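So the chains spell out like this:
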Protein chains: 2
Amino acid sequence: MTVPASLVQSAADALRQRGWHIATAESCTGGMIAAHLTDLAGSSDWFERGFVTYSNAAKTELLGVPAEVIATHGAVSEPTALAMVAGALERSLAQIAVAVTGVAGPGGGSADKPVGTVWFGFAVRGQAPFAVRQQFDGDRASVRAATVAYALGRVVDLTEPPGVLV
Amino acid sequence: MTVPASLVQSAADALRQRGWHIATAESCTGGMIAAHLTDLAGSSDWFERGFVTYSNAAKTELLGVPAEVIATHGAVSEPTALAMVAGALERSLAQIAVAVTGVAGPGGGSADKPVGTVWFGFAVRGQAPFAVRQQFDGDRASVRAATVAYALGRVVDLTEPPGVLV
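For every chain, the first residue of the written sequence is number 1, and numbering continues from 1 along that sequence. The naming scheme follows written order: chains are lettered A onward, ligands numbered 1 onward. Totals for whole chains, interfaces and linings use all residues, but because this is a predicted model, local features are given only for residues with pLDDT of at least 70 and pairs of side-chain atoms are given and counted only at 80 or more. Based on all heavy atoms of the structure, the side-chain values leave hydrogens and waters out of the count.

Q: Before we go on, may I ask you to explain unusual backbone geometry in this structure?
A: Across the junction of G105 of chain A and P106 of chain A, the peptide omega takes the value 0°, indicating a cis bond. Examined against the element boundaries, P106 of chain A turns out to sit in the loop between strand 3 (96–102) and strand 4 (117–124). A run of DSSP states H or I qualifies as a helix once it reaches four residues; a run of E qualifies as a strand once it reaches two. Both are numbered from the N-terminal end.

This is how it looks when you write it as structure tokens:
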């Protein structure tokens, strides 16, 4: 699969309409979310900065993920995703942040974290961050694209203003 | 244009053969260089971390680019590219770093920095960083892809061990 251009446009539109900027913290996608969010002209209106924290040292140094959290729970875990997204929001000027850490494959899978396991962290300024685990099928490219698409979809949901019942 | 997969493979092979990791600092490409360098399985063997410093504040806070340098010379300039790449190398565990800052378009061009103007910074640990200006044709996607391709090509050149005359 590839990431639908319409989804990138929806995320950009939602962020711009809300007047928000986004920050990204990426491990398994290696910068793909940031790359997609800057595909469109005018992207400085909604994209602020991104952290590609591939190594564990980068997660700790750039995002403040405690080394003990990684040692105890693993780089692909709910606590790591939460710490990543909290760090990205704190260390940026953005109103919303997304973090991803997963097993893109083909190597690196295990019984409880098979290839395709991805933990997402989401944070909106002034609200508690939360994490979501997803399991994606397919090869490395498919898992990475599905990860980007899921992240952007949730960003749209989180960014759209609360609806008004009429 | 798109970035040739063979070029990504060459960069990965050169880095792995040399035992080097790379760090990236990207403005106009918004994470595309990092995304390509992590396309291939095993990329933690050669990719360490990336900085997507889209805003000027991010360039200053994450890479240590002096705000006066940006104010005086502009975000798309030789001094900014040099400061970005020096900051990326210093603030990573990598042996080589690449930085890009340019005008991807369609807006943002000027008489002396038209759309397609890109400044690259390259740094190898223990050597003086250097910068290169390139001018690319085409639309936003073409300029971004050409920027990634140029960066990877120079990384291959810089990473390959010095040749021996026989």
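Q: Even after reading the chapter, I still don't get the sheet that holds strand 3 of chain A, so can you show me in this structure?
A: Two orientations exist for strands paired in a sheet by backbone hydrogen bonds: parallel and antiparallel. The sheet built from 10 strands is open, its strands ordered 5(A)-4(A)-3(A)-1(A)-2(A)-2(B)-1(B)-3(B)-4(B)-5(B) with mixed pairing. Each edge of the open sheet carries a strand with a single partner, namely strand 5 (130–135) of chain A together with strand 5 (130–135) of chain B. When strand polarity is set aside, the average angle formed by the axes of neighbouring strands in this sheet is 15°. Pairing between strands requires that DSSP locate at least two bridges from one strand to the other. Where strand 1 (residues 22–26) of chain B meets strand 3 (residues 96–102) of chain B, five bridges bridge the pair, whose relative direction is parallel. Counterpart to A25 of chain B in the pairing with strand 3 of chain B is A99 of chain B. Contacting strand 2 (47–52) of chain A together with strand 1, strand 2 (47–52) and strand 3 of chain B, helix 3 (residues 56–63) of chain B crosses the sheet at an angle of about 30° to strand 2 of chain A. Pairs of residues are marked as contacts when any of their non-hydrogen atoms sit within 4.5 Å. Here, axes are lines fitted to C-alpha atoms. For helices the fit covers the stretch in contact, and angles between N-to-C directions go from 0 to 180 degrees. Strands in contact with helix 5 (residues 78–90) of chain B are strand 1, strand 2, strand 3, strand 4 (117–124) and strand 5 of chain B; relative to strand 3 of chain B, the strand with the most contacts, it is inclined by about 145°.

Q: Explanation requested: the pairing of strand 1 (residues 22–26) of chain A in the structure shown.
A: One face of the sheet, then the other: side chains in a regular strand alternate in exactly this way. Residues and elements named next belong to chain A. When accessible area is computed with a 1.4 Å probe and restricted to protein chains, residues below 20% of their type maximum are described as buried, those above 50% as exposed, and intermediate ones as partly exposed. Here strand 1 lies mainly inside the structure; five of its five residues are buried. Of the two faces of strand 1, the one carrying I22, T24 and E26 and the one carrying A23 and A25 are both buried. Pairing analysis gives five bridges linking strand 1 to strand 2, with the strands arranged parallel. Along strand 2, the bridge assignment pairs T24 with G50. With its strands directed away from the observer, a crossover is right-handed exactly when the path from the first strand over the helix to the second travels clockwise. Handedness of the β-α-β unit built from strand 1, helix 2 (residues 32–37) and strand 2 comes out right-handed.

Q: Explanation requested: the interface of chain B and chain A in the structure shown.
A: Where interface size is given, it is often the accessible area lost as the parts come together that is meant. Listed by partner, the interface residues are 29 residues for chain B and 29 residues for chain A. Roughly 2,100 Å² is buried in total at the junction of chain B and chain A, and carbon and sulfur atoms are behind 55% of that figure. In this description, buried area is defined as the sum, over both parts, of the accessible area (probe of 1.4 Å) that is lost when the two are combined. Of all residues in chain B, R49, V52 and Y54 of chain B bury the most surface against chain A, accounting for 24% of the area lost on that side. Polar contacts here mean pairs of N or O atoms no more than 3.5 Å apart (in protein, one a potential hydrogen donor and the other a potential acceptor; neighbouring residues in sequence count only if both atoms are side-chain atoms). Where chain B touches chain A, the interface holds 24 residue pairs in polar contact (both at pLDDT 80 or more). Taken together, the elements giving at least two residues each to the side of chain B that touches chain A come down to helix 2 (32–37), strand 2, helix 3 and helix 6 (140–159) of chain B. It is strand 2 of chain B that provides the largest number of residues to the side of chain B that touches chain A, a total of six residues. Counted by class, the side of chain B that touches chain A contains 14 nonpolar, nine polar and six charged residues. Under the convention adopted here, Pro, Cys and the residues Ala, Val, Leu, Ile, Met, Phe, Trp and Tyr are nonpolar, Asp, Glu, Lys and Arg are charged, and Gly plus all remaining residues are polar.

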